[in-house]
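Spelled out from the first residue to the last, the chains are:
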Amino acid sequence: MPLDKDTYDQLIETVSRFVTERLRPLEGQVGDKDEIPQDVIDEMKELGLFGLTIPEEYGGIGLTMAEEIGVAIAMGHTSPAMRSSFGTNIGIGSQGLVMAGTDEQKQKWLPRIASGELITSFALTEPDAGSDAGSVKTRATLDEAKGVYRLNGSKRYITNADKADLFTVMARTGGEGAHGVSSFLVPRDLPGLSVGAHEKKMGQQGAHVCDVNFDDVEVPVENRLGAEGEGFKVAMRVLDRGRLHISGVCVGAAERLIEDMVGYASERQQFGKPISSFQMIQAQIADSKAECMAARALVEQTARKRDAGESITLDCAATKLIASEMVGRVADRAVQVYGGAGYIADYGIERFYRDVRLFRIYEGTSEIQRSIIARETLKTGG
Amino acid sequence: MKALVPVKRVIDYNVKPRVKSDGSGVDLANVKMSMNPFDEISVEEAIRLKEAGKIEEIIAVSVGPAKAQETLRTALAMGADRAILIETDETVEPLAVAKLLQKVAEEEQPGLIILGKQAIDDDANQTGQMLAALMDRPQGTFANTVELDSDSVTVKREIDGGLETVKLQLPAIITTDLRLNEPRYASLPNIMKAKKKPLDTKTPADYGVNIAPRLTTTNVSEPPVRQAGEKVEDVDALVTKLKALGIA
């Protein structure tokens, strides 16, 4: 149920305050150490951030998409790795369960996901299956006598895998193509499941991705999410929502970068006056602001459409494309406005520049978004 | 035992206040407002006492405009049980607030009244002391530590020379200092639940208190702009300079 305005405002205000007072001072440390302090993660759990999108009856606060976007934008004002610590729990790691789980499965897992007791992860990408998600090779073979599926294969670049207690795994139960893929809830402690060391990445230090390997992992039949062959469909619906959430984070990050740019340009003096008085600097700020406002409007509109129950596959793809490309340009301009300081780590701008680069790649590359937009537009005739 | 926690809606501590051009006061139009930080410490202390099983009910009270409801909702979201808004758009001075709080205390009979030591807008640092005098009850101001027993409360006070410990018979008045605790963030589920907690609205007239101001503000001005510093060559030059300025 949508919140009244007072409650919503207070909720966003609280998240913004937490971001400003607790998270922003830690950005440099998290960037250097590649680790978010556990006490901060515990505070995020107490705040209720891990249950934003889990329905109230399962212990979350069940925000609407429009409300979730408000939180995503507020969280976007700090390093994206911070949000990532609960990002899988409220997004790709839980929404399959929310959308396609049986009541029993929901009762069993969702309350502990909402509280943050369980960390979740979404395992779709493989060494040979990324954008072509329908081609996953991880196999799930039914052993009817034992009442289990036996999983074999490898997943790659799995966010939060090193901390995850529960994986949503896409594995092939049928023939070739998307219709042969099913979705499974796989607890980490099952024998045969192993997680590799986390990768060294370009940015977003503090958020980890790892390989996950399945070697004859026996997953109980009751852990299958939806019917056999429905996995891909579930994954695509989960990704629709995830794309919108990420778009909100992109807008928040751009807003933060614009604030930083304005602050620096107003103080930095050259030729005897602040560089903000030069038109070429102003143009970079103006373009960033206008593009950010446009992206924000699109994110909010698409979120409202989703809340109204409209089909949003095209809208989500367009929103993610616009928002992620926008924040890329804004971060590039921020480095330019900062000049030499933009290239120096202490100022944090180069870190943001590296961090936001991922937004154009994960949860569907810009190329995939464009092909979805083209496909849907050609289908409807314009 | 009940705890009464007065909270004030003030200009947010992150906002740089601007003085109105006619010097009549601080410009509050479209300025972000939030709970006085010392009052947050009071609410937090009351909640901790409740969590320790020493207090049964926390009542937050605010004197101010209708918008002060938001401040009370924050207190409810943090963990207060119910709230009372004494609504007025007038400027209410510390003595009038103390008189109103006295009336609320007579109705509610709290064992403990925990106030912030001062509000960050007018920095008066008077309400708690005035309330104690009006009620003729003991006061422990500038609290650094609070230990509550069934009939008394021990308060460590921050004073210039260090910490002073006082033991007060209940009911008592406490004003909180900065280091008493670190207030929690209201959790998002509790923010949603706060809407369902009771919030009564009253007026100063309901309590028969005359809130007419006794002071007139003649002028408000910005602090003087800091002058540029000066670099000196060495320590000797510094000492000479300081002596010339009459500092050393």
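Only a predicted model underlies this, so the values are computations on that prediction, with no experimental measurement involved.

Calculation notes
- Residues numbered from 1 in each chain as written.
- Chains lettered and ligands numbered in written order.
- Predicted model: local features only at pLDDT ≥ 70, side-chain atom pairs only at ≥ 80, totals over all residues.
- Heavy atoms only, no water.
- Domains from an automatic or database assignment.
- Contact = heavy atoms within 4.5 Å.
- Buried area = accessible area lost by both parts, 1.4 Å probe.
- Salt bridge = Lys/Arg side-chain N within 4 Å of Asp/Glu carboxyl O.
- Polar contact = N/O pair within 3.5 Å; in protein donor to acceptor, adjacent residues only side chain to side chain.
- Nonpolar A, V, L, I, M, F, W, Y, C, P; charged D, E, K, R; others polar.
- Buried < 20%, exposed > 50% of the residue type's maximum accessible area, 1.4 Å probe, protein only.
- Helix = DSSP H or I, 4+ residues; strand = E, 2+ residues; numbered from the N terminus.
- Patch = residues over 30% accessible without salt bridge, like charges linked within 9 Å, V, L, I, M, F, W, Y side chains within 5 Å.
- Areas by Shrake-Rupley, 256 points an atom, 1.4 Å probe, with all protein chains shown as cover.
- Lys, Arg positive; Asp, Glu negative; His and termini not counted.
- Charge placed at Lys NZ, Arg CZ, Asp CG, Glu CD.
- 1 Å grid on protein atoms, 1.4 Å probe; cavity = no way out; pocket = protein on both sides within 12 Å on 5 of 7 lines; lining within 4 Å.
- Points joined across faces, edges and corners; volume = space filled by probe spheres on them.
- Axes fitted to C-alpha atoms, helices over the stretch in contact; angles between N-to-C directions.
- Parallel < 35°, antiparallel > 145°, perpendicular 65-115°, else oblique.
- Left-handed = near helix turned anticlockwise from the far one by under 90°.
- Expected span 1.5 Å × (residues − 1).
- Phe/Tyr/Trp six-rings, centres within 6.5 Å; stacked < 30°, edge-to-face > 60°.
- Lys NZ or Arg CZ within 6 Å of the ring centre and 35° of its normal.
- Pairing = 2+ DSSP bridges.
- Core = buried A, V, L, I, M, F, W, Y, C linked by side-chain atoms within 4.5 Å.

S.K.: I'm lost on the domain arrangement of chain A in this one. Help?
M.R.: The accessible area lost on association of the parts is a frequent measure of interface size. All names here are of chain A. Per the domain assignment, the segments of chain A are domain 1 (5–115), domain 2 (120–229) and domain 3 (233–380). Here the C-alpha centroids of domain 2 and domain 3 sit 30 Å apart. Contacts between domain 2 and domain 3 engage nine residues on the former and 11 residues on the latter. The junction of domain 2 with domain 3 conceals about 890 Å² of combined surface from both sides, 69% of it contributed by carbon and sulfur atoms. By the criterion of area lost to domain 3, the three top residues of domain 2 are Ser 131, Met 202 and Gln 204, representing 54% of everything that side buries. At the boundary of domain 2 with domain 3, the tally comes to zero salt bridges. Linking domain 2 with domain 3 are two residue pairs in polar contact (both at pLDDT 80 or more), by the criterion used here. Along the lines of polarity and charge, the residues of the side of domain 2 that touches domain 3 split into five nonpolar, four polar and no charged.

S.K.: What is the right way to look at the pattern of salt bridges in this model?
M.R.: Should their charged atoms come close, side chains of opposite charge can pair. Residue and element names in this part refer to chain A. Taken as a whole and assessed by the stated rule, the structure comprises 43 salt bridges over all chains. Across the pair Lys 137 and Asp 128 runs a salt bridge whose closest N-O atoms are separated by 3.2 Å. For the pair Lys 137 and Asp 128, one class covers both residues: exposed. Linking Lys 305 and Asp 315 is a salt bridge whose minimum nitrogen-to-oxygen distance equals 2.8 Å. Of this pair, Lys 305 sits in helix α9 (residues 279–307) while Asp 315 sits in helix α10 (residues 313–338), placing them 10 residues apart in sequence. Sharing partners across several salt bridges, the network here consists of Glu 27, Arg 256, Asp 260 and Arg 351.

S.K.: What is the right way to read the interface of chain B and chain A from this model?
M.R.: Between chain B and chain A, the residue contacts involve 14 residues of the former and 21 residues of the latter. For the pair chain B and chain A, the summed buried surface comes to about 1,600 Å²; carbon and sulfur atoms form 60% of the total. When the buried area of chain B at its contact with chain A is split by residue, B:Tyr185, B:Leu188 and B:Met192 rank highest and sum to 46% of it. At the junction of chain B and chain A, the tally comes to four salt bridges. Every element with two or more residues in the side of chain B that touches chain A is listed here: α2 (68–78) and α5 (188–194) of chain B. Looking at the side of chain B that touches chain A, the element that brings in the most residues is α5(B), giving four residues. In terms of residue class, the side of chain B that touches chain A is made up of eight nonpolar, two polar and four charged.

S.K.: For this particular structure, what's the right way to read a negative patch on the surface?
M.R.: Residues and elements named next belong to chain A. A cluster of like negative charges, contributed by Glu 56, Glu 57, Asp 103, Glu 104 and Glu 222, occupies part of the molecular surface. Residue placement: Glu 222 occurs in the loop between β7 (209–220) and β8 (224–225). By relative accessible area, which is 56% here, Glu 222 ends up exposed.

S.K.: Explain empty space enclosed by the protein here, please?
M.R.: It is a probe the size of a water molecule, rolled over the atoms, that shows where empty space is left. Summed over the entire model, instances satisfying the criterion amount to two cavities of 30 Å³ or more. Taken as a whole, the largest cavity spans an internal volume of roughly 50 Å³. Within the lining of the largest cavity, the residues separate by chemical class into five nonpolar, one polar and three charged. Taken as a whole, the second largest cavity holds about 40 Å³ of empty space.

S.K.: Mind showing me how you'd approach the packing of α9(A) against α10(A) here?
M.R.: A pair of packed helices is captured by two measures, namely the crossing angle of their axes and the spacing between those axes. Residues and elements named next belong to chain A. Packing of α9 against α10 leaves a shortest axis separation of 9 Å and a crossing angle of 160°. Classified by the angle their axes make, α9 and α10 are roughly antiparallel. Between α9 and α10 the crossing geometry is left-handed. Residue-level inspection shows Ile 281, Gln 284, Asp 287, Ser 288, Glu 291, Cys 292, Ala 295, Leu 298, Val 299, Thr 302 and Lys 305 of α9 in contact with α10, the latter providing Asp 315, Cys 316, Ala 318, Thr 319, Ile 322, Ala 323, Met 326, Arg 329, Val 330, Arg 333, Gln 336 and Val 337. Considered class by class, the residues forming the contact of α9 with α10 number 12 nonpolar, five polar and six charged.

S.K.: How should I be thinking about helix α8 (residues 231–267) of chain A in this particular structure?
M.R.: Because each turn of an α-helix spans 3.6 residues, side chains separated by three or four positions in sequence point in the same direction. Under the 1.5 Å per step criterion, the end-to-end length of α8(A) is 53 Å for 37 residues, consistent within 8% with the ideal 54 Å. Among the 37 residues of α8(A), 28 are classified as buried, and the element is accordingly described as predominantly covered.

S.K.: When you look at the packing of aromatic side chains in this model, what are you seeing that I'm missing?
M.R.: For any pair of aromatic rings, geometry is given as the distance between the ring centres together with the angle between the planes. All names here are of chain A. Taken as a whole and assessed by the stated rule, the structure comprises eight aromatic pairs over all chains. With a centroid separation of 6.1 Å and 90° between ring planes, the pair formed by Phe 271 and Phe 278 is classed as edge-to-face. With a relative accessible area of 24%, Phe 278 lands in the partly exposed category. An aromatic cluster of at least three residues, connected via ring pairs, comprises Tyr 264, Tyr 338 and Tyr 347. Over the ring of Phe 50 we find Lys 45, and its NZ or CZ is 5.9 Å from the ring centre. A cation over an aromatic ring shows up here: Arg 156 above the ring of Tyr 157, its NZ or CZ 5.9 Å from the ring centre.

S.K.: Is there a simple way to explain the sheet that holds strand β7 (residues 139–148) of chain B in this structure?
M.R.: Pairing between the strands of a sheet is mediated by backbone hydrogen bonds and can be parallel or antiparallel. All names here are of chain B. Read across the sheet, nine strands follow the order β9-β8-β7-β10-β6-β1-β4-β5-β11 without closing on themselves; strand pairing throughout is mixed. Pairing within the sheet leaves two strands with one partner each, and these edge strands are β9 (162–169) and β11 (199–202). Taking the axes of each pair of neighbouring strands and ignoring which way they run, one obtains an average angle of 35° across the sheet. For strand β5 (residues 82–87) and β11, the ladder comprises four bridges, and the chain directions are parallel. Its bridge partner lying in β11, Ala 83 is registered against Leu 199. Each of β4 (57–64), β5 and β11 is contacted by α2, which is oriented at about 165° to β5, the strand it contacts most.

S.K.: What exactly am I supposed to notice about the environment of A:Gly226 here?
M.R.: All names here are of chain A. Within the secondary structure, Gly 226 is located in the loop between β8 and α8. For Gly 226, a relative accessible area of 21% gives the class partly exposed. Each C-alpha atom of the pair Gly 226 and Leu 97 lies 8.9 Å from the other, and the pair is 129 residues apart in sequence.

S.K.: Which parts of the structure should I look at to understand the nonpolar core?
M.R.: The biggest cluster of nonpolar side chains holds 68 residues, and the ones touching the most others in it are A:Leu11, A:Leu49, B:Leu112 and B:Val153. Sequence-distant contacts of B:Val153, that is, excluding residues within four places in its chain, are made with B:Leu112, B:Val146, B:Glu147, B:Leu148, B:Val166, B:Lys167, B:Leu168, B:Leu170, B:Ala172 and B:Ile174. Core analysis: the next-biggest nonpolar cluster, separate from the first, contains 40 residues, A:Ile73, A:Val249, A:Met261 and A:Ala331 among them.

S.K.: Can you walk me through the side chain of A:Ser85 in this structure?
M.R.: Residues and elements named next belong to chain A. Here Ser 85 shows up in helix α5 (residues 80–90). Its relative accessible area of 10% is what places Ser 85 among the buried residues. With sequence-adjacent residues up to four places away left out, Ser 85 is seen in contact with Ile 36, Ile 41, Met 44, Phe 50 and Asn 160.

S.K.: How should I be thinking about the side chain of A:Ser247 in this particular structure?
M.R.: Residues and elements named next belong to chain A. Relative to the assigned elements, Ser 247 resides in helix α8. Judged by relative accessible area, which is 1%, Ser 247 ranks as buried. Sequence-distant contacts of Ser 247, that is, excluding residues within four places in its chain, are made with Val 299, Thr 319, Lys 320 and Ala 323.

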